[in-house]
Amino acid sequence: MIISNLLFHCVCKNKLRTRLTMKPPVLGRCVLLALCFLHCEVTLSASESVHSSDDVVLLNPPEEPVSGYPLRVLYSCSGPTEVHLEALVSSETHNVVRVFRRRWRCDPGPPHVRALSLDLPDWLVYRSDWRIRRSDWVLSVLLRAWVTGERRSGGYRQSAARALVQLQPLDPFSRPLKDHPLCPSWDVDLLWRIHRDTIPQCPAEEEVSHLLSFVYASTGERFGIVRTLNHYGNKVLEHLRRRSISFPWCVFSTWVFMTRPCRQHFCGLVHHVDDNNNYASPVLFITDAGQIHIQMHGASGQAGAFLSRFRVPQFQWCRIDLELRGQMANITMVCEKEQQQTVQSTAYMFREAFVLDDTVGRFILGGGQFVRGIEGFYGPSAYYRNRLLSVGEVVGLPEPISSVDLTGWYKSCQQFKVDLLEKMTGYSVRNPESCGDIYSSWVSEDWTANAVPQCFHWEAPLPPQRRSAARIAEILTTRNGGRQAELGFVGRALYSLALRRLTRKDGILRGKTVMPLLHQAGCLGDNRALFLSSVLHRTGLGIRTQPDRAVLLSLLAAQQDWRLALLHLGHLHHLGGPGIPADQPLAYAYYANMAVQTSADRQNPSPGQVFVESVLLNNEDALKEQTHENDDLFLWLKFQARNGAVDAQQTVGRMLFWGQQGVSPNMQAAVKYYERGATKHEDPVSMYDYAIVLLKGQGVEQDIPKAVVFLKKAAKQNFVPAINALGWYYEKYEQDYRRAVDQWEQADAMGSSEAAFNLGIMYSQGLYPGKPVDQYKAYTYYLKSAQNGHIDGAIQLAEVWMNGIPGRVSQQPLDAVRWTKWASEQNGYLGGVLRRALEAYLRQDWSAALIYYLTAAEAGFTVAQFNVGYLCEHNFGGLLRPSFMSECMWRYYNLSTQSQNPVPYALIKMGDLVYGGHKLRKRDLSTAAELYKRAALQNDPQGWYNLGLLVQEGMELPGPLLSELGLPETPRNDNYTVLTSLYRRCRDHQEKDSYLPCSLALLNVHLQLLWKLYSATLTLSTVALAIISLLTTLAALGRLRGAVSLGG
């Protein structure tokens, strides 16, 4: 630390005091270093002597580092001493390095001049070449000399006389090349000449880590955005980071918008959790009183904390900055309201410097495992790792906060509520003699000009857009006998009115008139209205597209925990798009919330939930399986069940319990079928189903002993779910973990996904008898459970992949998102939307079908996306404009092809769209071929056929594509081999409808080759006769093939 001490000595000696507000970056520190040396020159001349007879002077120092420089040193001494000469180099990665050193004896007498060679290392003087492997960057080079007595201890600072010179180093690429006496070998020389003029570029590494770059709607639950930071690849930045671990010099900054006070003791803002799931520095919470709790951990392991003197307001965007400087912490809040700023801050000095290693553990914005988040919104948040910023200086709201006008929405919504409440209060207290009676009196000429007006303020006419709300409020108040109706009832009535208008025959074309009703219903608390209006604004169905408005309404619905809005925002941030960043941790926060709700919903069935069925509108067989309570298929199944058919009893019970295949959920009726199969036939499936409803009291009075009897009977028949359920009973009701894990181990060995999940929980919580906590073992069971289709297993697996297990399981955010997305899409309320859409389609209510499928499609459900594309393609009822039809097909067929298992029909249609081009999109044969290939790999004959058409148009299929299809690569211009292979695959497909067209295409290829080779000798009649014969043969083979398939 010699240089640092020297600078400090120089500053103090000259009474220089500099107050820094920002830690200087690399270049800044270089400038600061140079300035300090320049300032030192005022008081430190080329020679500074403490004793007049002792002196040392560098007579001819070089201006820059030079190798073999002839340096002359003038020195004198009053007694036997030593003269020291050394060169020091400083850099960002090293405080000081000594690169040259000499010393010699000084005898008393007149001044002497000593000549010596200043030999500096090649890496400091020359440019990198074939021998000098690395020419380093340096900040400064100091050449210093001093005189010390032979018996006097001490160095430069305690010297009798001293001299100091600063050399100006060149950057590595401005230095000269060294003329080596040796010659390199030819290969070394060649490699060096190739790369000698290449200036290496350091990878871009920002010192600012963005924890959040968009707006996150927080429901006040244990869900947040998880971020981990890596070591810097740049040595300088990594050196600075490591040096600041024990002396943090950084800022955490986040925007928040609170809609309600914190309901717990603490709500999370930003907190750091280490690898052992303990809090680390820093921890920022909001208390139930609205203050900010700041907690830091010192080197001793002790934690310290303080509270801000200010409170975070509601319904305002506020930027909260935590500035850390060693032991000092400063929390600042800047709030924006109606273009006015308020700035408040609190500073605190801790007893010891705190420790902050940002590459250990994870940072969580919002709620987490140990704390709930705020109820409101988080905005752009950043962590300035090695620098400070001008805290408290905010100029306007950043994007996307300014585009998503939350403040404007809440302000207008609050005004609408006040006006409506005033109306409703007037309706409840008005007397019979109001404006209507005045009009009657005026007609009968009893009214006089001097009469005082008797109309109240609340009776003033409303704008047309609000008249429906006022009318509904008046009707509800009248029906309640003059008692004021709740705003929520008005909101639900407005949504029902808007939906009826929108699903009328021409309602879609008049969407503009429906939007005010949806906005008002959303303001009054109907989240369905918020999400539907968001969908309409995003898609432009009947109205002008407004992406910012769509995002605002989605955020509002998601903040109220509306399931489809959570799915929608998770889907948007999973894929990304215009104005929406792809952000997997943010997508995970939404999907994890939805997945947990899905698990809870499945444990508590309700009439609003329906089993999620993936019914494609182009699948005629699946459509024919749909039924309802009065349909012949369901009535026949009930008849079979009453006659003792066990399979029918199971099917009817399942359909009634879960609401499958168009049947409305009816748990009480389902329980009767379960009971009949369990008691009369001792069917293991029915005994298990009946036992579960008895255990949980669903549709029947809870009876645990009776449930256990049936579970044991089913388990004796080796029915795996019953064995697992017995384990659950022993764990939950008897707390007998040994018997529980014995049952689960048995069920797991038989392939039970739920047993694997239960064993994972036991290992994770340390409840497995005789075994310690083992998170990795739990992870292996979660993985097995999820892969076998268990929702809770998928949720736990995703959590492990999001947070990782240090040293065992790395973080995999994308896979975590995929698993939570899959779990979320099993939600019964999503199933209810899909059921209403399918029922509308079956009764040919095209408007309602499109609206419901559109809401599910915007939630990211692949089947709904396909069905929207299908509805737009066929435009049943002629409801859609041609421009909307085209964009709709492009958007939703394309979205459906991005799933892990796309529908072949969608791949074909999307390939056709890409092949044909669009006024805003160019024709792309390569993309079309890729889509057709994906369809062909799913054994779709149309994919093989369309690839053949592309080849016939002259396109050469690339070798990797042919390899994926299992076709050999052929020489250029050999289309015949490729075409025959493609059309044979198409012809030999099991689908009989593909036989004739693919055979004709194959015939065409053969005839073209025949004509090309023998056109001079073939007559027209010969060719015609051959064609007729081949067509007759193909027709006969087609009939034979159909007969065989029917007979089979």
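Notes on the structure in this doc start here. (Residues numbered from 1 in each chain as written. Predicted model: local features only at pLDDT ≥ 70, side-chain atom pairs only at ≥ 80, totals over all residues. Heavy atoms only, no water.)

### Topic: helix α25 (residues 791-803)
Compared with the 18 Å implied by 1.5 Å per residue over 13 residues, the 19 Å span of α25 between its first and last C-alpha is a close match. Burial of α25 is extensive: 10 of the 13 residues sit out of reach of the surface. Inspection of α25 places Ile791, Asp792, Gly793, Ala794, Ile795, Leu797, Ala798, Val800, Trp801 and Met802 among the buried residues, and these make up the whole buried set. Where α25 is buried, its residues contact β11 (224-227), α14 (584-603), α23 (753-765), α24 (775-787) and α26 (813-824). The first or second residue beyond α25 is Gly804, which carries a positive phi of 75 degrees. (Helix = DSSP H or I, 4+ residues; strand = E, 2+ residues; numbered from the N terminus. Expected span 1.5 Å × (residues − 1). Buried < 20%, exposed > 50% of the residue type's maximum accessible area, 1.4 Å probe, protein only. Contact = heavy atoms within 4.5 Å.)

### Some points on the state of the cysteines
As used here, a disulfide is simply a covalent bond connecting the sulfur atoms of two cysteines. Using the criterion set out here, one finds 6 disulfides in the structure. Shown here is the disulfide that connects Cys262 with Cys267, its sulfur atoms set 2.1 Å apart. Torsion about the S-S bond of the Cys262 and Cys267 cystine: about 90 degrees, corresponding to right-handed handedness. No difference in accessibility class separates Cys262 from Cys267, as the two residues are buried. A sulfur-sulfur distance of 1.9 Å marks the disulfide that ties Cys872 to Cys888. (Disulfide = S-S within 2.5 Å.)

### Details of the sheet that holds strand β6 (residues 112-118)
Spatially, β2-β3-β6 is the arrangement adopted by the 3 strands of the open sheet, whose pairing is antiparallel. Each edge of the open sheet is held by one strand with a lone partner, namely β2 (55-58) and β6. Here the strands of the sheet are splayed against their neighbours by 25 degrees on average, with no regard to which way each runs. Sheet analysis places β2 next to strand β3 (residues 69-76), joined by 4 bridges and oriented antiparallel. Looking at β3, one finds that Val57 is bridged to Leu74. (Pairing = 2+ DSSP bridges. Axes fitted to C-alpha atoms, helices over the stretch in contact; angles between N-to-C directions.)

### Observations concerning the sheet that holds strand β16 (residues 303-307)
Here we have 6 strands laid out as an open sheet, ordered β11-β20-β13-β14-β15-β16, and antiparallel in their pairing. Edge strands, defined here as strands with exactly one partner in the open sheet, are β11 and β16. Mean inter-strand twist for the sheet, computed between neighbouring axes without regard to direction, equals 15 degrees.

### Things to note about the environment of Pro169
Checked against the element boundaries, Pro169 lands in the loop between β8 (161-167) and α4 (186-195). Taking relative accessible area as the criterion, Pro169 reaches 12% and is therefore assigned buried. Linking Pro169 and Val138, residues 31 residues apart in sequence, is a C-alpha distance of 7.0 Å. Discounting residues that sit within four places of it in the chain, Pro169 has contacts with Pro65, Val138, Leu139, Ser140 and Val141.

### So, the pairing of β8
Of all 7 residues that make up β8, 5 are buried, and the element is covered over most of its length. Examined bridge by bridge, strand β7 (residues 140-149) and β8 share 7 bridges and lie antiparallel to one another. From the neighbouring strand, Leu142 faces β8, where its bridge partner is Gln166.

### Some points on the pattern of salt bridges
Summed over the entire model, instances satisfying the criterion amount to 32 salt bridges. Among the ionic pairs, Lys178 bridges to Asp122, the shortest N-O distance being 2.7 Å. Here Lys178, found in the loop between β8 and α4, pairs with Asp122, found in helix α3 (residues 122-125); they are 56 residues apart in sequence, far enough to count as distant. The partner of Glu613 in a salt bridge is Arg835, and the shortest N-O contact between them spans 2.7 Å. (Salt bridge = Lys/Arg side-chain N within 4 Å of Asp/Glu carboxyl O.)

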